[in-house]
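Geometric and topological summary
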Amino acid sequence: MTTLDVSAVRTRFTGQVVAPGDDGYDGARALFYGGHDPRPAVVIRPADPAEVASVVRLAQETGLELSVRCGGHSPVGHSVVDGGIVLDLTHLRAIAVDVEERTVWAQAGLTAGDVTKAVAEHGLAVGFGDTGTVGIGGITTGGGVGFLSRKYGMTIDNVLAAEVVTADGQILQVDDTHHPDLFWAIRGGGGNFGVVTRFKYQLHEVPGVVGGMILLPATPEVIHGFLREAAAAPEELSVIVNVMPAPPMPFIPADHHGTMVVMGLVCYAGPAEEGEKVLAPIRALAEPIADFVRPITYAEMFMEEGGDDEYHPTATARTMYADELDLGRVTQIVEQLRTAPAPMRVAQFRPLGGAIDRVSADATAYAHRGRAFMVNVASFLDGADTRAEREQWVLDTSAVAENGGPGAYVNFLADDGAARAREAYPGATWERLVRVKQQYDPGNLFRRNVNIPPAN
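Residues numbered from 1 in each chain as written. Predicted model: local features only at pLDDT ≥ 70, side-chain atom pairs only at ≥ 80, totals over all residues. Heavy atoms only, no water.

With that settled, consider the overall build of the chain. The helix and strand inventory of the chain stands at 13 helices and 19 strands. Judged by the C-alpha coordinates and their principal axes, the chain covers about 65 × 55 × 45 Å. By residue count, 56% of the 456 residues in the chain fall in the buried class. Summarising the internal contacts of the chain: among those between residues at least 6 apart in sequence, 72% fall at separations of at least 24. If you sum the accessible surface of the chain, you get close to 18,100 Å²; carbon and sulfur atoms cover 51% of it. Of the side-chain charges in the chain, 36 are positive and 57 negative, and the distance between the mean point of each set is 3 Å. (Helix = DSSP H or I, 4+ residues; strand = E, 2+ residues; numbered from the N terminus. Buried < 20%, exposed > 50% of the residue type's maximum accessible area, 1.4 Å probe, protein only. Contact = heavy atoms within 4.5 Å. Areas by Shrake-Rupley, 256 points an atom, 1.4 Å probe, with all protein chains shown as cover. Lys, Arg positive; Asp, Glu negative; His and termini not counted. Charge placed at Lys NZ, Arg CZ, Asp CG, Glu CD.)

What follows is about the packing of helix α10 (residues 327-338) against helix α11 (residues 387-401). For the pair α10 and α11, the least separation of the axes is 9 Å and the interaxial angle reads 170°. With respect to their mutual orientation, α10 and α11 come out roughly antiparallel. Across the interface between the two elements, Arg329, Gln332, Ile333, Gln336 and Leu337 from α10 touch Trp393, Asp396, Thr397, Val400 and Ala401 from α11. Looking at the contact of α10 with α11 residue by residue, the class counts come to 5 nonpolar, 3 polar and 2 charged. (Axes fitted to C-alpha atoms, helices over the stretch in contact; angles between N-to-C directions. Parallel < 35°, antiparallel > 145°, perpendicular 65-115°, else oblique. Nonpolar A, V, L, I, M, F, W, Y, C, P; charged D, E, K, R; others polar.)

This brings us to the sheet that holds strand β6 (residues 103-107). The 5 strands lie next to each other as β5-β6-β10-β8-β9, forming an open sheet whose pairing is antiparallel. The open sheet has two edge strands, β5 (95-98) and β9 (171-174), and neither has a second partner. Across the sheet, the axes of successive neighbouring strands diverge by a mean angle of 10°, strand direction being ignored. Judged from the 6 bridges that link them, strand β8 (residues 159-165) and strand β10 (residues 195-202) form a sheet pairing that is antiparallel. In the strand pairing of β10, alanine 162 is matched with phenylalanine 199. Helix α3 (residues 49-62) rests against β6, β8, β9 and β10 of the sheet, and its axis sits at about 50° to β8. (Pairing = 2+ DSSP bridges.)

Bringing the pairing of strand β19 (residues 373-380) into the picture now. Across the 8 residues that make up β19, a large majority, 7, are buried. Here 8 bridges tie strand β17 (residues 315-322) to β19, and the two strands are oriented antiparallel to one another. Directly across from arginine 318, in β19, lies its bridge partner valine 377. Sheet analysis places strand β18 (residues 345-351) next to β19, joined by 7 bridges and oriented antiparallel. Across the sheet, residue valine 346 finds its bridge partner in β19, namely alanine 378.

So, on to the side chain of arginine 150. Position of arginine 150 relative to the elements: it lies in helix α6 (residues 149-152). A polar atom in the side chain of arginine 150 sits 3.1 Å from the backbone oxygen of proline 234. Setting aside residues up to four positions removed in sequence, arginine 150 forms contacts with Ala230, Ala231, Ala233, Pro234, Glu235, Leu237, Ser238, Pro351, Leu352, Gly353, Gly354 and Ala355. (Polar contact = N/O pair within 3.5 Å; in protein donor to acceptor, adjacent residues only side chain to side chain.)

Right, let's get into the packing of aromatic side chains. This model, assessed by the stated rule, comprises 7 aromatic pairs. Between phenylalanine 128 and tyrosine 201, the ring centres sit 5.4 Å apart and the planes meet at 85°, which makes this aromatic pair edge-to-face. In this pair, phenylalanine 128 sits in the loop between β7 (124-125) and α5 (136-142) while tyrosine 201 sits in strand β10, placing the two residues 73 residues apart along the sequence. The burial state of phenylalanine 128 is the same as that of tyrosine 201; both residues are buried. (Phe/Tyr/Trp six-rings, centres within 6.5 Å; stacked < 30°, edge-to-face > 60°.)

In a beta sheet, neighbouring strands pair by backbone hydrogen bonds and run either parallel or antiparallel. Reading across the sheet, the 4 strands line up as β1-β2-β4-β3 and stay open at both edges, with mixed pairing between neighbours. The strands lining the two open edges of the sheet, one partner per strand, are β1 (16-18) and β3 (66-69). The sheet shows a mean angle of 20° between the axes of neighbouring strands, direction not considered. Looking at chain direction, strand β2 (residues 42-45) and strand β4 (residues 85-88) are connected through 3 bridges and run parallel. Counted as the bridge partner of valine 42 is isoleucine 85 from β4.

Below you can see the structure in the form of structure tokens.
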């Protein structure tokens, strides 16, 4: 490893170079999640893909560890590396919509919200996740499960092509016929194979949705009914069911603050009249505490998120799948939530199926196509001394929820990522990813991720 000459680095790039002592250094190294305090040797924001390739070559030359940052939402801080080089894609923000072809080329410095708003001007959409501030690079290479998944598939199912900077500094244009193995791997295999600088997405006509948040009391019967109705609904409906204490938000009646509630995020991507009929059984499960579900534009599903730079939550979490969530199992999960040691804890359920399941398990690096529910359990921390008990609670609750075989969604893996990488990429998927890694990154330069090491 060599010492980095920051002055020389500054002359090498027209993009922004931020080093310790510079104005903006603390902001450049900040992450969304708390519990991390990395101090990189330099943060480089390249001006174009050629400069991305130059950053990659700089990392190879110096031996300094490299991290790639899009939105900074990595749960374990992979986006910023202590003492190393941060390749920050923030300034790559070009976007080109082809309305006639219903496609968009979007550079990886854009967020999910940026792209959603840009294509919404034409009544079009591509599904990302459920948070507008995440970078499209991270969510896309990991899979992308969100508000349109049951109707139009995961984000990776809508990627038509990409531009990738590989570990040797090449800039490759990849699709089904050009570097097809690399194209397969970046759709679900995370950041292991290079830096994706732009994506071409298939767009869909989504002039409006019936969507928003509905708050219901968190009885086992209501939760089970919500999941049952959502799983059986037409694939136009995608939902995220969060069971958690009601936060002290102004739209929630004060007498419900701190009580267990179902915070359902629903999106019906079809005609409003049909959407209201499909959602009626969910609304009938209990008298809603609050109901903001209404006909809106799809872009409104990505609620404006405040710029609270001081909010950096710390939590311990586990992601898994469940093939059955019957009333007995749901009742046990509710009891776990009710008696949890943390003031803030959550069990999140995402009914899958629909278009997700119509893609074969080997078509992309996301292999969990046939699973019925994605489940995430999280407990927020109140200081480092609470970590052990919160981690144990997460494990105990996960043991109740998980069934139908092991599995993990790579974008939600946390501290357990290294131990569970094979669960994210089971069987033949792992073996193929290792072969692609060996071909495109034999030195494992891109290792700040849920890492797939090259074959020995």
